[in-house]
Amino acid sequence: MQRDTRISRGRFLKVMGAAGVAGSTLSILACQPNTNPQQGGGGGGGPEEKKLNLYNWADYVAKSTVPGFEKETGIQVTQDFYSTNEDLLSKLRAGGTGYDVIVPSDYMVEIMIKSDILLPLDRSKIPNFKNIGENFRGLPYDPNNEYSVPYQWGTTGILYNKKELGQLEDSWEPMWSPEFEGKIGMLNDERETPGAALYKLGYSVNATDDEQLAEAEAELKKQKPLLRGYFDSTQNRPLVQNGDLLLGHVFSGDAFLVMSGNEDLDYIIPKPGATRWTDNMCIPKGAEHPDNAHKFINYILDAKVGAALTNYTYYNTPNDASLPMIDGALKKLPGYTLEPEVFDRLQVIEDVGEATRKYSRLFTEVKSS
Amino acid sequence: MGERKGRGWSLGLAGLLTPVTIWLGLFFLVPLLFILAYSFGTSGIYGEMTLGFNPGNYLRVFDPLYLEIVGRTLVIALTNTLLCLLLGYPLAYFIAFKGGRWKNILILLVMIPFWTSLLLRAYAWVVILSGNGIANRTLQFLGITDEPLLLIFTPQAVTMGMVYSYLPFMILPLYAALEKFDVRLKEAAQDLGASRWHTFWRVTFPLSMPGVIAGSILVFIPSAGEFVIPNLLGGARTVLVGNLIQAQFLQARDWAFGSALAVMLAALLVGAIMFYVRKVGAEKLEGV
Amino acid sequence: MGESKGGPVYKGKVTDRALLLFAALIYVFLYAPILVLVFFSFNSTRSTQVWTGFSLEWYGELIRDQSILDAFRISMIVGVTATAIATVIGTFTALALTRHRFRGKTFADSAIYAATVMPEIVVGVSLLVFFVAIQFTLGITTIIIAHVAFTISFVTIVVRARLSGMDRSIEEAAQDLGANPIETFLRVTLPLILPGVMAGALLAFTLSLDDFVITFFVAGVGSSTLPLKIYSMIKFGVSPVINALSTVVLVATMVLIFGGSSIFMRKEKA
């Protein structure tokens, strides 16, 4: 019996019914109330809701930080997380708004200022700014602290096995030494690792000159066969601990975390140059609760809160008033408290504009070689 | 059986296809159009997009550095697919035919490890394969080696990691295809005097082809876009197309070029799949 | 390779044993990192790779850390909802593509494959731009929508593997006996393709649970899933709290599965 593949009336109605249900569900889903966040930013006109949307790295606040703020101000904090500065920028640029406080790193603050996505800060609402040390005010990426306030800072140096290698000189040479072949780990970061080559050559970490960049690329290609790989700082840390690596290119906090209680490891900040980086608090345009955001920033700059923060994260604080309350053990770790002459040779990674793509291509070439 | 098959459009067909059309139409094709538009645009240094007609992004793809990366990626994806097939088929066969009433549990057990974060499992592999890790210690204990071998952060570790990640993508469709298999066909073949191997190769395997094809597609395509495993288990010493595209969107802030790369990759892969499917015989995918 | 080993029965046993051994080895391969993961949930310092001693502190912290529990809850909601929707839609699509020939079929096929090809960052960014353009508020709903969008194709492909070459005689018999298409589908077709549908659902769920890139871009305020929290921890180090959570979920799942099935099997016996 040949079945007619055209539809009978009953079937037609059933199918249309199903389609109708599907269609209306979707339309309901699509008709969300239009809370266009662009309208929320920075105006007076009524008190803000007691809410704050914090967008930060995971585990970058002490256990007491947020509950303390909530208790003190009655403002409910929602925390969300991003994993890199670039992710943060991409999301904000593509229109992902709703966040009140973000925590970008130095060069990213500069890029965000140039992209006009930050709200200027009202310093009258941040009296605790006076706690910030001289060395951390007016950094090149935001010379008048119009848009950012420092949060934590640190250096990028070399964590190594002192027991096996003995005390090393403050130099980048060991990272290029054939003696340690297969036991060296560099950072998988397209500014820090080319930066290390630039430092070694005596250039600026923000070099844009093609010749200098070519030299850096050659150095890195020379280095690659000696490396175990390019890792995250948090991966270099257990590798050095375990002995899989003898030397690891790391951020200071990672070094301090594994050095406390472990005399076998040491951290050096190489000559002639090394990076000092700073993470900052900013308020993106379109923030719905800018007033609360200012309150939060001010709260973080409180001496006690700043100390608790640093004692948890193991990075350095820009807050002079917090210094007396930092764990003694932490302060004594090599590379934590810096002498002025060490400070002077540290460089800040800045936005290099057009040259960013040169660095990106450089690093891709090296990794592909 | 042919008359039952629908020819041309009917409302039943339309009903079945409406949901996917709306969903993919809105949430996949429209974003895809955005990306196509971007690929012909120009990205400023800070990511500002100027739309227009700029074929330059596509021309940049033909840079030897990038072509090498694409080539390498395809080889790795292909190898991965073959390995997953070799390792996954026996397991799917085992569960489908020898699983009995434990079938469902066995299949679930395959998937459960993948409900934990890949990051954690990658870190675990680093522990297992490191100099002092279980793998090396076992080898030394068994007397096979005297010194720790370099196991982790090697190309072999990346291969293993990829197989590890994508095995379920092969096992599930294979299982789905094998499980419907009528055991009587096998018995009939053996009654007629065929050996076990013969039965498998001439009866079982061909009938499982839809599963093989589906599994191959589900492994090959995502493998080509992989960017996490080479970093976590390979020490970032290999750059694959996935890493390249990520870098364009994130570090280089060159969405235009990144989009062009993505479109080229998609065209390449979809083209390859359509060719593969046609070659292997589209009827195998149909309910003829 | 004829009958020289001594007859098909003997050879059968050898192959069977080899198959069993092989399967066991694969399971060991799949679970080895899981065991390590569980092991480190009991570590006494904040490392997921260097063992320093035994401690239960991470389990304590798990109970106290609201943000992780929230993230887990959201991941579950998204996972279950997206899987349900994607499975239904994917199955319909597979039925349509396998059993009908129509104009534009090649386009449909390519679209399904293309959906699995798109790099995640491309899908994520473009969906975000799209949602913002139509002024659709970001939140859990957008995550679910995005997850359905990228898993539908996987479900479709798996279910098609099941449908292809399937014997339609039972369905035809049912229709000959007067059942309408919907009844035929629910009572005959669906049970026959169920293992394929379940496999597709399993795949969709698994993909949704660990998705980071797409989810990152389309998530709204307060809708962080577990992967968003975990991948964000890379900057300072993933805390063993995550290991503790994974262990708890693992144990709970195993208990449910084995407990559930033994009840089920006892019922069957009786």
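Note that the structure is predicted; figures quoted are calculated from it, not measured.

A. Expanded view of the overall build of chain A. Scanning chain A from terminus to terminus reveals 14 helices and 10 strands. When each of the 369 residues of chain A is scored for burial, the buried share is 50%. In chain A, 76% of the contacts between residues at least 6 apart in sequence involve partners at least 24 apart.

B. Inspection of the overall build of chain B at higher detail. On a plain count of helices and strands, chain B comes out with 13 helices and three strands. With respect to the principal axes defined by its C-alpha atoms, chain B has extents near 70 × 70 × 30 Å. Expressed as a percentage of its 288 residues, the buried residues of chain B come to 48%. A separation of at least 24 residues holds for 70% of the contacts in chain B among residues at least 6 apart in sequence.

C. Local environment of unusual backbone geometry. Cis geometry marks the peptide bond from K271 of chain A to P272 of chain A; its omega dihedral reads -5 degrees. We note that N145 of chain A has phi near 50 degrees; this positive angle belongs to a residue other than glycine. Looking at where N145 of chain A falls in the secondary structure, it is placed in the loop between α4 (106-114) and β4 (149-161). Residue classification places N145 of chain A among the partly exposed residues on the basis of 18 C-beta atoms within 10 Å. Here F153 of chain B, not a glycine, exhibits a phi torsion of approximately 65 degrees, which is positive. Checked against the element boundaries, F153 of chain B lands in the loop between α6 (134-141) and α7 (155-179).

D. Representation of the pairing of strand β6 (residues 227-231) of chain A in the model. All names here are of chain A. By the criterion of burial, β6 is predominantly enclosed, with five of the five residues buried. Bridge analysis of strand β5 (residues 184-187) against β6 gives four bridges, and the strand direction is parallel. Across the sheet, residue I184 finds its bridge partner in β6, namely L227.

E. Just the interface of chain A and chain C, in detail. Each partner contributes to the interface: chain A provides 33 residues, whereas chain C provides 32 residues. Within the residue set of the side of chain A that touches chain C, elements represented by two or more residues are α1 (9-30), β2 (76-81), α3 (85-93) and α8 (233-242) of chain A. Taken together, the residues of the side of chain A that touches chain C break down into 10 nonpolar, 15 polar and eight charged.

F. Highlighting the interface of chain C and chain B. With 86 residues of chain C in contact, the opposing surface of chain B contributes 84 residues. The greatest single-element share of the side of chain C that touches chain B, amounting to 16 residues, is contributed by helix α1 (residues 8-40) of chain C. Class assignment for the residues of the side of chain C that touches chain B results in 59 nonpolar, 19 polar and eight charged.

G. Highlighting helix α12 (residues 241-249) of chain B. Buried residues dominate α12 of chain B, accounting for nine of its nine residues. Within α12 of chain B, burial applies to V241, G242, N243, L244, I245, Q246, A247, Q248 and F249 of chain B.

Quick notes on the rules
Residues numbered from 1 in each chain as written. Chains lettered and ligands numbered in written order. Predicted model: local features only at pLDDT ≥ 70, side-chain atom pairs only at ≥ 80, totals over all residues. Helix = DSSP H or I, 4+ residues; strand = E, 2+ residues; numbered from the N terminus. Buried ≥ 20, exposed ≤ 12 C-beta atoms within 10 Å, placed from the backbone. Contact = placed C-beta atoms within 7 Å. Pairing = 2+ DSSP bridges. Nonpolar A, V, L, I, M, F, W, Y, C, P; charged D, E, K, R; others polar.

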